[in-house]
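Read off the chains here:
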Amino acid sequence: QKEVEQDPGPLSVPEGAIVSLNCTYSNSAFQYFMWYRQYSRKGPELLMYTYSSGNKEDGRFTAQVDKSSKYISLFIRDSQPSDSATYLCAMSRMDSSYKLIFGSGTRLLVRP
Amino acid sequence: DTGVSQDPRHKITKRGQNVTFRCDPISEHNRLYWYRQTLGQGPEFLTYFQNEAQLEKSRLLSDRFSAERPKGSFSTLEIQRTEQGDSAMYLCASSAFDQETQYFGPGTRLLVL
(Lines give C-alpha, C1' and ligand atoms only; values in the text may rest on other atoms or scores of the structure.)
Protein backbone atom coordinates (compact mmCIF):
# COMPACT_ATOMS: atom_id res chain seq x y z
CA GLN A 1 0.00 0.00 0.00
CA LYS A 2 1.27 3.44 -0.95
CA GLU A 3 1.78 6.05 1.75
CA VAL A 4 -0.34 8.53 -0.19
CA GLU A 5 -3.36 7.49 -2.24
CA GLN A 6 -4.95 9.65 -4.90
CA ASP A 7 -7.63 8.82 -7.45
CA PRO A 8 -5.98 9.09 -10.90
CA GLY A 9 -9.17 10.21 -12.65
CA PRO A 10 -9.60 11.54 -15.22
CA LEU A 11 -12.14 13.93 -13.76
CA SER A 12 -14.14 15.82 -16.39
CA VAL A 13 -16.27 18.82 -15.40
CA PRO A 14 -17.98 21.69 -17.23
CA GLU A 15 -16.54 25.18 -17.02
CA GLY A 16 -17.70 26.98 -13.89
CA ALA A 17 -18.12 23.82 -11.81
CA ILE A 18 -16.71 23.34 -8.33
CA VAL A 19 -13.99 20.71 -8.38
CA SER A 20 -13.07 18.55 -5.40
CA LEU A 21 -9.75 16.68 -5.37
CA ASN A 22 -8.75 14.39 -2.53
CA CYS A 23 -5.91 12.37 -1.06
CA THR A 24 -5.65 9.96 1.81
CA TYR A 25 -2.47 9.02 3.61
CA SER A 26 -1.34 6.40 6.08
CA ASN A 27 1.54 8.04 7.98
CA SER A 28 0.24 10.19 10.83
CA ALA A 29 3.69 11.81 11.18
CA PHE A 30 3.20 13.98 8.10
CA GLN A 31 3.14 17.64 9.10
CA TYR A 32 3.13 19.66 5.88
CA PHE A 33 0.66 19.29 3.05
CA MET A 34 0.92 20.70 -0.44
CA TRP A 35 -0.92 20.71 -3.72
CA TYR A 36 0.95 21.02 -6.99
CA ARG A 37 -0.43 21.54 -10.49
CA GLN A 38 1.40 19.94 -13.38
CA TYR A 39 0.72 20.66 -17.01
CA SER A 40 1.73 18.05 -19.56
CA ARG A 41 5.51 17.71 -19.90
CA LYS A 42 6.15 20.50 -17.39
CA GLY A 43 7.46 20.57 -13.83
CA PRO A 44 5.03 20.69 -10.87
CA GLU A 45 3.91 24.17 -9.81
CA LEU A 46 3.15 24.84 -6.15
CA LEU A 47 -0.49 25.85 -5.66
CA MET A 48 -1.26 25.57 -1.96
CA TYR A 49 0.61 24.80 1.24
CA THR A 50 -0.88 24.06 4.66
CA TYR A 51 0.56 23.07 8.00
CA SER A 52 -1.45 20.74 10.24
CA SER A 53 -5.26 20.58 10.19
CA GLY A 54 -7.51 23.35 8.95
CA ASN A 55 -8.48 25.31 5.87
CA LYS A 56 -6.57 27.73 3.70
CA GLU A 57 -8.01 29.82 0.90
CA ASP A 58 -6.23 31.53 -1.98
CA GLY A 59 -8.44 33.02 -4.67
CA ARG A 60 -10.45 30.23 -6.30
CA PHE A 61 -8.54 27.54 -4.42
CA THR A 62 -9.25 26.14 -0.94
CA ALA A 63 -7.11 23.48 0.73
CA GLN A 64 -8.39 21.43 3.65
CA VAL A 65 -6.48 19.11 5.93
CA ASP A 66 -8.12 16.69 8.36
CA LYS A 67 -5.31 14.96 10.23
CA SER A 68 -7.67 12.90 12.36
CA SER A 69 -9.01 11.24 9.20
CA LYS A 70 -5.68 11.42 7.30
CA TYR A 71 -7.51 13.14 4.48
CA ILE A 72 -6.71 16.27 2.47
CA SER A 73 -8.74 18.08 -0.16
CA LEU A 74 -8.36 20.80 -2.75
CA PHE A 75 -11.42 22.69 -3.96
CA ILE A 76 -11.42 24.76 -7.13
CA ARG A 77 -14.28 27.21 -7.55
CA ASP A 78 -15.47 28.57 -10.90
CA SER A 79 -13.23 26.12 -12.75
CA GLN A 80 -11.73 27.28 -16.04
CA PRO A 81 -10.41 25.34 -19.05
CA SER A 82 -6.96 26.62 -18.10
CA ASP A 83 -7.28 24.59 -14.87
CA SER A 84 -7.07 21.41 -16.97
CA ALA A 85 -3.95 19.70 -15.66
CA THR A 86 -2.79 16.96 -13.30
CA TYR A 87 -3.09 17.83 -9.62
CA LEU A 88 -0.60 16.24 -7.25
CA CYS A 89 -0.93 16.14 -3.50
CA ALA A 90 2.31 15.95 -1.53
CA MET A 91 3.27 15.80 2.11
CA SER A 92 6.41 15.91 4.19
CA ARG A 93 7.90 15.70 7.67
CA MET A 94 10.56 17.83 9.33
CA ASP A 95 12.39 14.74 10.64
CA SER A 96 12.62 13.27 7.12
CA SER A 97 14.51 16.08 5.37
CA TYR A 98 11.18 17.56 4.28
CA LYS A 99 11.31 15.25 1.27
CA LEU A 100 7.98 15.20 -0.50
CA ILE A 101 5.87 12.06 -0.74
CA PHE A 102 3.47 12.44 -3.65
CA GLY A 103 0.19 10.93 -4.65
CA SER A 104 -0.03 9.61 -8.19
CA GLY A 105 -1.96 12.69 -9.37
CA THR A 106 -5.51 13.32 -10.57
CA ARG A 107 -6.04 14.40 -14.18
CA LEU A 108 -8.62 17.18 -14.43
CA LEU A 109 -10.32 18.26 -17.63
CA VAL A 110 -12.51 21.36 -17.58
CA ARG A 111 -14.75 21.44 -20.64
CA PRO A 112 -15.61 24.85 -22.17
CA ASP B 1 14.55 35.25 -8.86
CA THR B 2 14.48 33.30 -12.10
CA GLY B 3 13.26 30.01 -10.66
CA VAL B 4 14.82 26.57 -10.81
CA SER B 5 16.42 25.74 -14.15
CA GLN B 6 17.42 22.37 -15.54
CA ASP B 7 19.55 21.39 -18.47
CA PRO B 8 19.09 19.70 -20.85
CA ARG B 9 15.30 19.64 -21.15
CA HIS B 10 15.38 16.48 -23.23
CA LYS B 11 17.94 13.73 -23.63
CA ILE B 12 17.83 10.67 -25.87
CA THR B 13 20.57 8.13 -25.34
CA LYS B 14 21.38 4.54 -26.12
CA ARG B 15 21.42 1.85 -23.49
CA GLY B 16 24.79 1.64 -21.79
CA GLN B 17 25.73 5.28 -22.28
CA ASN B 18 26.35 7.73 -19.45
CA VAL B 19 24.28 10.89 -19.07
CA THR B 20 24.59 13.94 -16.84
CA PHE B 21 21.91 16.43 -15.91
CA ARG B 22 22.34 19.85 -14.33
CA CYS B 23 20.11 21.75 -11.93
CA ASP B 24 20.46 25.41 -10.94
CA PRO B 25 18.30 26.13 -7.88
CA ILE B 26 16.74 29.41 -6.88
CA SER B 27 19.56 31.61 -5.62
CA GLU B 28 20.13 31.43 -1.87
CA HIS B 29 18.10 28.20 -1.57
CA ASN B 30 20.40 25.90 0.33
CA ARG B 31 18.24 22.78 0.07
CA LEU B 32 18.18 20.90 -3.23
CA TYR B 33 16.23 17.75 -4.10
CA TRP B 34 16.17 15.36 -7.04
CA TYR B 35 13.05 13.40 -7.92
CA ARG B 36 12.14 10.98 -10.70
CA GLN B 37 8.72 10.82 -12.31
CA THR B 38 7.42 8.10 -14.62
CA LEU B 39 4.28 8.32 -16.72
CA GLY B 40 1.09 8.38 -14.69
CA GLN B 41 2.91 8.55 -11.35
CA GLY B 42 3.84 11.26 -8.92
CA PRO B 43 7.47 12.25 -8.47
CA GLU B 44 9.58 9.94 -6.30
CA PHE B 45 12.38 11.21 -4.08
CA LEU B 46 15.94 10.34 -5.13
CA THR B 47 18.33 12.44 -3.07
CA TYR B 48 18.70 15.59 -0.96
CA PHE B 49 21.46 18.15 -0.45
CA GLN B 50 21.78 20.76 2.23
CA ASN B 51 24.40 23.14 0.89
CA GLU B 52 27.12 20.87 -0.52
CA ALA B 53 26.37 17.91 1.76
CA GLN B 54 24.35 15.00 0.39
CA LEU B 55 22.29 14.10 3.45
CA GLU B 56 19.87 11.48 2.18
CA LYS B 57 19.64 9.01 -0.69
CA SER B 58 16.67 6.87 -1.64
CA ARG B 59 16.95 3.15 -2.19
CA LEU B 60 15.84 4.00 -5.74
CA LEU B 61 19.27 5.54 -6.26
CA SER B 62 21.29 2.54 -7.39
CA ASP B 63 25.08 2.63 -7.56
CA ARG B 64 24.80 3.66 -11.21
CA PHE B 65 23.46 7.01 -10.04
CA SER B 66 25.61 9.72 -8.50
CA ALA B 67 24.77 13.28 -7.56
CA GLU B 68 26.95 16.17 -6.56
CA ARG B 69 26.58 19.74 -5.43
CA PRO B 70 30.22 20.79 -5.23
CA LYS B 71 29.91 24.41 -4.12
CA GLY B 72 26.46 24.35 -2.65
CA SER B 73 24.98 26.02 -5.71
CA PHE B 74 24.19 23.98 -8.84
CA SER B 75 23.89 20.21 -8.75
CA THR B 76 24.54 17.41 -11.24
CA LEU B 77 22.94 14.00 -11.48
CA GLU B 78 24.86 11.38 -13.45
CA ILE B 79 23.52 8.02 -14.58
CA GLN B 80 26.12 5.51 -15.70
CA ARG B 81 25.43 2.57 -18.01
CA THR B 82 21.86 3.69 -18.65
CA GLU B 83 19.08 1.11 -18.86
CA GLN B 84 15.69 1.38 -20.54
CA GLY B 85 14.11 1.46 -17.09
CA ASP B 86 15.88 4.77 -16.43
CA SER B 87 13.59 6.48 -18.94
CA ALA B 88 11.68 9.08 -16.93
CA MET B 89 11.40 12.76 -16.14
CA TYR B 90 14.11 13.87 -13.70
CA LEU B 91 13.00 16.80 -11.59
CA CYS B 92 15.00 19.12 -9.40
CA ALA B 93 13.50 21.21 -6.61
CA SER B 94 14.90 23.71 -4.15
CA SER B 95 13.83 25.34 -0.92
CA ALA B 96 15.15 27.86 1.55
CA PHE B 97 16.46 26.64 4.89
CA ASP B 98 13.54 27.99 6.89
CA GLN B 99 10.81 26.94 4.47
CA GLU B 100 9.02 23.67 3.94
CA THR B 101 7.85 24.45 0.41
CA GLN B 102 9.81 23.20 -2.58
CA TYR B 103 9.89 24.81 -6.02
CA PHE B 104 10.43 22.62 -9.03
CA GLY B 105 12.28 23.09 -12.25
CA PRO B 106 10.90 22.13 -15.66
CA GLY B 107 12.55 18.71 -15.56
CA THR B 108 14.82 16.74 -17.86
CA ARG B 109 13.03 14.10 -19.89
CA LEU B 110 15.29 11.09 -20.49
CA LEU B 111 14.61 8.42 -23.10
CA VAL B 112 16.90 5.40 -23.18
CA LEU B 113 16.69 3.42 -26.41
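Here the residue numbering is sequential within each chain, running from 1 through the sequence in written order. Each chain is given a letter, starting from A, and each ligand a number, starting from 1, according to the order in which they appear as written. Side-chain atom pairs in this predicted model are given and counted only at pLDDT of 80 or more, local residue features only at pLDDT of at least 70, and totals for whole chains, interfaces and linings cover all residues. Working from all heavy atoms in the structure, the side-chain values ignore hydrogens and water.

Notes on the overall build of chain A
Move 1: A tally of regular secondary structure across chain A gives 0 helices and 11 strands.
Move 2: Along its sequence from the N terminus, chain A presents helices and strands in the succession β-β-β-β-β-β-β-β-β-β-β.
Move 3: Over its C-alpha trace chain A gives a radius of gyration of 13 Å, about what one expects of a compact globule, namely 13 Å for 112 residues.
Move 4: C-alpha atoms of chain A, sized along the principal axes, occupy 45 × 30 × 20 Å.
Move 5: Out of the 112 residues belonging to chain A, those deemed buried represent 48%.
Move 6: Long-range pairs, those at least 24 residues apart, make up 54% of the contacts in chain A with a sequence separation of at least 6.
Move 7: Summing over all exposed atoms, chain A offers an accessible surface of approximately 5300 Å²; the carbon and sulfur share of this is 48%. Under the scheme used here, helices are H or I runs from DSSP no shorter than 4 residues and strands are E runs no shorter than 2 residues, and both carry numbers assigned from the N terminus. Here the radius of gyration uses the C-alpha set of atoms, whereas the globule reference equals 2.2 Å times the residue count to the power 0.38. Three labels apply to residues, based on accessible area from a 1.4 Å probe with only protein chains included: buried if under 20% of the type maximum, exposed if over 50%, partly exposed otherwise in between. In this description, contact between two residues means that some pair of their heavy atoms is separated by no more than 4.5 Å. Residue exposure ignores everything except the shown protein chains as possible cover, and the areas themselves are Shrake-Rupley values with a 1.4 Å probe.

Points about the sheet that holds strand β8 (residues 71-76) of chain A
Residues and elements named next belong to chain A.
Move 1: Strand pairing is defined by DSSP finding a minimum of two bridges between the two strands. Taken in spatial order, the 5 strands line up as β1-β3-β8-β7-β6 in an open sheet, and their pairing is antiparallel. Two strands close off the open sheet at either side, each with one partner strand: β1 (4-6) and β6 (54-58). Taken pair by pair, the neighbouring strands of this sheet meet at an average axis angle of 15 degrees, ignoring direction. Here, axes are lines fitted to C-alpha atoms. For helices the fit covers the stretch in contact, and angles between N-to-C directions go from 0 to 180 degrees.

Looking at the sheet that holds strand β1 (residues 5-7) of chain B
All names here are of chain B.
Move 1: One open sheet accounts for 4 strands, arranged β1-β3-β8-β7; its pairing is antiparallel. Both edges of this open sheet fall to β1 and β7 (65-68), since each of them pairs with a single strand only. Pairwise comparison of adjacent strand axes, ignoring direction, gives a mean angle of 15 degrees for this sheet.
Move 2: Two elements, β7 and strand β8 (residues 75-79), share 4 bridges in a ladder whose sense is antiparallel. By the bridge assignment for β8, Glu68 is matched with Thr76.

Notes on the packing of aromatic side chains
Move 1: Two aromatic rings, drawn from Phe, Tyr or Trp (for Trp, its six-membered ring), form a pair once their centres lie within 6.5 Å of each other, and the interplanar angle then sorts them: stacked below 30 degrees, edge-to-face above 60, tilted otherwise. Scanning the entire structure with this criterion turns up 14 aromatic pairs over all chains.
Move 2: Ring centres 6.4 Å apart and planes at 20 degrees place the aromatic pair Tyr32 of chain A and Tyr49 of chain A in the stacked group. With a gap of 17 residues between them, Tyr32 of chain A in strand β4 (residues 32-38) and Tyr49 of chain A in strand β5 (residues 45-51) connect regions that are remote in the sequence. Neither Tyr32 of chain A nor Tyr49 of chain A differs from the other in exposure class; each is buried.
Move 3: Taking 6.1 Å as the distance between ring centres and 75 degrees as the angle between the ring planes, the aromatic pair formed by Tyr35 of chain B and Phe45 of chain B counts as edge-to-face. Here the residue Tyr35 of chain B occupies a position in strand β4 (residues 31-37), and Phe45 of chain B occupies one in strand β5 (residues 44-50), the gap between them amounting to 10 residues. Exposure class is identical for Tyr35 of chain B and Phe45 of chain B. Each is buried.
Move 4: The rings of Tyr36 and Phe102 of chain A together with Tyr33, Tyr35, Phe45, Tyr48 and Phe104 of chain B are connected pair by pair, giving a single aromatic cluster.
Move 5: Note on criteria: charge over ring means Lys NZ or Arg CZ within 6 Å of the ring centre, with the direction from the centre no more than 35 degrees off the ring normal. In this structure, Lys99 of chain A is placed above the aromatic ring of Phe45 of chain B, and the distance from its NZ or CZ to the ring centre is 5.5 Å.
Move 6: The ring of Phe74 of chain B carries Arg22 of chain B above its face, with NZ or CZ at 3.9 Å from the centroid.

A short note on a nonpolar patch on the surface
Residues and elements named next belong to chain B.
Move 1: Patch construction takes residues with relative accessible area above 30% that form no salt bridge. Like charges are linked within 9 Å, and nonpolar side chains (Val, Leu, Ile, Met, Phe, Trp, Tyr) are linked within 5 Å. A carboxyl oxygen of Asp or Glu within 4 Å of a side-chain nitrogen of Lys or Arg is what we treat as a salt bridge. The grouping of Ile12, Leu111 and Leu113 at the surface amounts to a nonpolar patch, some 300 Å² of accessible area in total.
Move 2: Inspection of the secondary structure assignment puts Leu111 in strand β11 (residues 108-112).
Move 3: The class for Leu111 is partly exposed, based on a relative accessible area of 39%.

By themselves these figures say nothing about function.
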